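Next come the chains, spelled out residue by residue.
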Amino acid sequence: WEAGDEIGVYMQADAASGYQKINVKYANSNGDVNTFTSESPIEYSGNESTVSFMAVYPFSSLVTDGTYEFTLGNTSLSQNDIMYASTTSVAAGTQNVTLNFQHKLTKIVLQLNDEDGNPVTGATISINKQRASGTLDVATGTITATDDYTSTLQFAGSEGTYEAIVIPDEGHEGRSVLIEANGKKYSYPVGDIAFSEATKYTFPVSLRPAEPGEEEEGGETLIKLDAGKFSIDDWTEGKTIGWIIST
């Protein structure tokens, strides 16, 4: 975790009774440890025997009746990384509650090289035909997209590795990764790929001069997708475990 990271924490005795605490802000002030504290920490009422805790990263004030709303942007990859944790059957009075966070969206990684295998730096990369707004049901952890396929999301990158976070879906016709590097434009169609939750897709892409018949309208070179070369893995690295201090 990074210093200043904030999460919203929820507590309920059981699903039927609803939430006793909703979206209480906890913050990591140190960054080098996994402990989150709050200026208004959750307190047990004394009437419950066990409770459940849920938490969402990053903290947002856009929460209604346990529904967390979000919109993916192009300024911070970390803020696009919607994460969720649920810890059940916690004995009332427990002061140090462990939260095991899971990534709820999809990470796309582009490993961009030139025709000689050297990393391409300074490229501008985006993926079009995305749904960028959605909700997370805090009770179940279910993600639901709420807009149409009209957004374009930017990749962040360095040293030839570029990353973006998108809402999971079954794919969308005409979707492409768009690359601008060294004064040239490339298009990498990915519309047939279904992007799964909590999964990382890594695409090795080599930029080379266009061959006859490869250049499309607008001066873009079409890069053909080789299904045997990209990899699909569980997205488990990064921020995963946190503790909240309650009273």
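Residues numbered from 1 in each chain as written. Predicted model: local features only at pLDDT ≥ 70, side-chain atom pairs only at ≥ 80, totals over all residues. Heavy atoms only, no water.

A.B. asks: I would appreciate a short explanation of the pairing of strand 13 (residues 142-145) in the present structure.
C.D. replies: Where a strand is regular, its side chains alternate between the two sheet faces. In the sheet, strand 12 (residues 133-137) pairs with strand 13 via four bridges, with the strands oriented antiparallel. Each residue of the ladder has a partner; that of Thr135, found in strand 13, is Thr144. Between the end of strand 12 and the start of strand 13, which pair antiparallel, lie four residues, with Gly141 showing a positive phi angle near 80°. (Pairing = 2+ DSSP bridges. Helix = DSSP H or I, 4+ residues; strand = E, 2+ residues; numbered from the N terminus.)

A.B. asks: When you look at the packing of aromatic side chains in this model, what are you seeing that I'm missing?
C.D. replies: Think of a pair of aromatic rings as described by two things: how far the centres are apart, and how the planes are tilted against each other in angle. Here the structure, examined in full by the defined rule, presents nine aromatic pairs. Taking 5.2 Å as the distance between ring centres and 70° as the angle between the ring planes, the aromatic pair formed by Trp1 and Phe101 counts as edge-to-face. Residue Trp1 is found in the segment before strand 1 (6-12), and its partner Phe101 is found in the loop between strand 8 (96-100) and strand 9 (102-103); the two are separated by 100 residues along the sequence. Judged on exposure class, the residue Trp1 and its partner Phe101 are both buried. One aromatic cluster in this structure is built from Trp1, Phe36, Tyr57 and Phe101. (Phe/Tyr/Trp six-rings, centres within 6.5 Å; stacked < 30°, edge-to-face > 60°. Buried < 20%, exposed > 50% of the residue type's maximum accessible area, 1.4 Å probe, protein only.)

A.B. asks: I'm lost on the nonpolar core in this one. Help?
C.D. replies: Ile179 and Phe203 are the most contacted members of the largest nonpolar core, which has 43 residues in total. At the level of elements, strand 4 (50-57), strand 6 (67-71), strand 10 (106-114), strand 11 (124-130), strand 16 (161-166), strand 17 (176-181), strand 18 (184-189) and strand 19 (199-207) are the ones that each hand at least two residues to this core. Setting aside residues up to four positions removed in sequence, Ile179 forms contacts with Leu110, Leu112, Thr124, Ile125, Lys184, Lys185, Tyr186, Val205, Leu207 and Ile223. With 19 residues, the next largest nonpolar core counts Val9, Val24, Val51 and Leu99 among its residues. (Core = buried A, V, L, I, M, F, W, Y, C linked by side-chain atoms within 4.5 Å. Contact = heavy atoms within 4.5 Å.)

A.B. asks: I tried to follow the pairing of strand 19 on my own but got confused; where do I start?
C.D. replies: Among the nine residues that make up strand 19, seven are buried, leaving the element largely enclosed by the rest of the structure. As defined by bridge partners, strand 10 adjoins strand 19 across nine bridges and the pair is classed as parallel. Bridge pairing in strand 19 places Asn113 opposite Ser206. Judged from the four bridges that link them, strand 19 and strand 21 (residues 231-234) form a sheet pairing that is antiparallel. Residue pairing for strand 21: Tyr201 is matched across the bridge by Ile232.

A.B. asks: Just checking my understanding: could you explain unusual backbone geometry for this structure?
C.D. replies: Cis peptide bonds are those with omega within 30 degrees of zero, and the linkage from Tyr57 to Pro58 qualifies with -5°. Considering the arrangement of structural elements, one finds Pro58 in the loop between strand 4 and strand 5 (63-64). Positive phi, close to 55°, is recorded for Lys129, a residue that is not glycine. Of note, Lys129 is situated in strand 11.

A.B. asks: Mind showing me how you'd approach the sheet that holds strand 21 here?
C.D. replies: Paired through their backbone hydrogen bonds, the strands of a sheet run either parallel or antiparallel. The strand order 15-16-10-19-21 describes an open sheet built from five strands, whose pairing is mixed. Since the sheet does not close on itself, it has two edges, and those belong to strand 15 (156-158) and strand 21, each with one partner. Pairwise comparison of adjacent strand axes, ignoring direction, gives a mean angle of 20° for this sheet. Examined bridge by bridge, strand 10 and strand 16 share six bridges and lie antiparallel to one another. What sits directly across from Val109, in strand 16, is Glu163. (Axes fitted to C-alpha atoms, helices over the stretch in contact; angles between N-to-C directions.)

A.B. asks: Where do I start with the side chain of Asn128 in this structure?
C.D. replies: Position of Asn128 among the secondary structure elements: in strand 11. Of note is the side chain of Asn128, whose polar atom sits 2.8 Å from the backbone nitrogen of Ser176. (Polar contact = N/O pair within 3.5 Å; in protein donor to acceptor, adjacent residues only side chain to side chain.)

Geometry only, nothing functional implied.
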